[in-house]
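# Coordinate analysis (summary)
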Amino acid sequence: MEASKRVVFVSVKGRDESRPRTRRKRALGVSESATWEEFCGLICTRLQLTSVRAIYHSSTMTPLTSMDDLLDIEDLVVEGDEAPGPAGG
């Protein structure tokens, strides 16, 4: 049987209307067996970031520091480095 997944919603901290829609808020299915590095990699892929500097619980803005802190159906805010946009755009 496949490992169960938690669903979390992630968005980029300080987002504004100039960012493409794909970077606003994304739902992620995170395996119960995922490592912190795998989780951060998934966030980078879905939010088009090159790295994750910090992850916060949206409701309290307290840092998320391990997979043990991750709850199902949770809103998270991510500080990260954005991937460069397309040339000329």
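Below is a summary of the structure that appears in this document. (Residues numbered from 1 in each chain as written. Predicted model: local features only at pLDDT ≥ 70, side-chain atom pairs only at ≥ 80, totals over all residues. Heavy atoms only, no water.)

### Considerations on the nonpolar core
Membership of the largest hydrophobic core comes to 18 residues, with the highest contact counts inside it found for Phe-39 and Ile-43. Within the residue set of this core, elements represented by two or more residues are strand 1 (5-12), strand 2 (25-31), helix 1 (36-47), strand 3 (49-57) and strand 4 (74-82). In terms of residues, this core owes the most to one element, helix 1, which gives 5 residues. Apart from residues lying up to four places away in sequence, Ile-43 is in contact with Val-10, Leu-28, Gln-48, Leu-49, Val-52, Ile-55 and Val-78. (Core = buried A, V, L, I, M, F, W, Y, C linked by side-chain atoms within 4.5 Å. Buried < 20%, exposed > 50% of the residue type's maximum accessible area, 1.4 Å probe, protein only. Helix = DSSP H or I, 4+ residues; strand = E, 2+ residues; numbered from the N terminus. Contact = heavy atoms within 4.5 Å.)

### Quick look at the packing of aromatic side chains
Under the criterion given, the structure shown has 1 aromatic pair. Seen from their ring centres, Trp-36 and Phe-39 are 5.9 Å apart, and the 55° between their planes marks the pair as tilted. Taken as a pair, Trp-36 and Phe-39 lie in helix 1 at a separation of 3 residues, close to a single helical turn. On the basis of relative accessibility, which here comes to 0%, the residue Phe-39 falls in the buried class. (Phe/Tyr/Trp six-rings, centres within 6.5 Å; stacked < 30°, edge-to-face > 60°.)

### Quick notes on the sheet that holds strand 1
Strand order in the open sheet made by the 4 strands is 2-1-4-3, with mixed pairing throughout. In the strand order of this sheet, the two ends are held by strand 2 and strand 3, each with one partner. Geometrically, the sheet is characterised by an average inter-axis angle of 40° between neighbouring strands, direction not taken into account. Looking at chain direction, strand 1 and strand 2 are connected through 7 bridges and run antiparallel. Pairing of Val-10 across the sheet is with Arg-26, part of strand 2. (Pairing = 2+ DSSP bridges. Axes fitted to C-alpha atoms, helices over the stretch in contact; angles between N-to-C directions.)

### Focus on the environment of Glu-37
Mapped onto the fold, Glu-37 is located in helix 1. Distance in space between the C-alpha atoms of Glu-37 and Val-52 is 10.0 Å, their sequence separation being 15 residues.

### Overview of the side chain of His-57
Along the chain, His-57 falls in strand 3. Among all residues touching His-57, those that are not within four sequence positions of it are Thr-62, Pro-63, Leu-64, Asp-69, Glu-74, Asp-75 and Leu-76.

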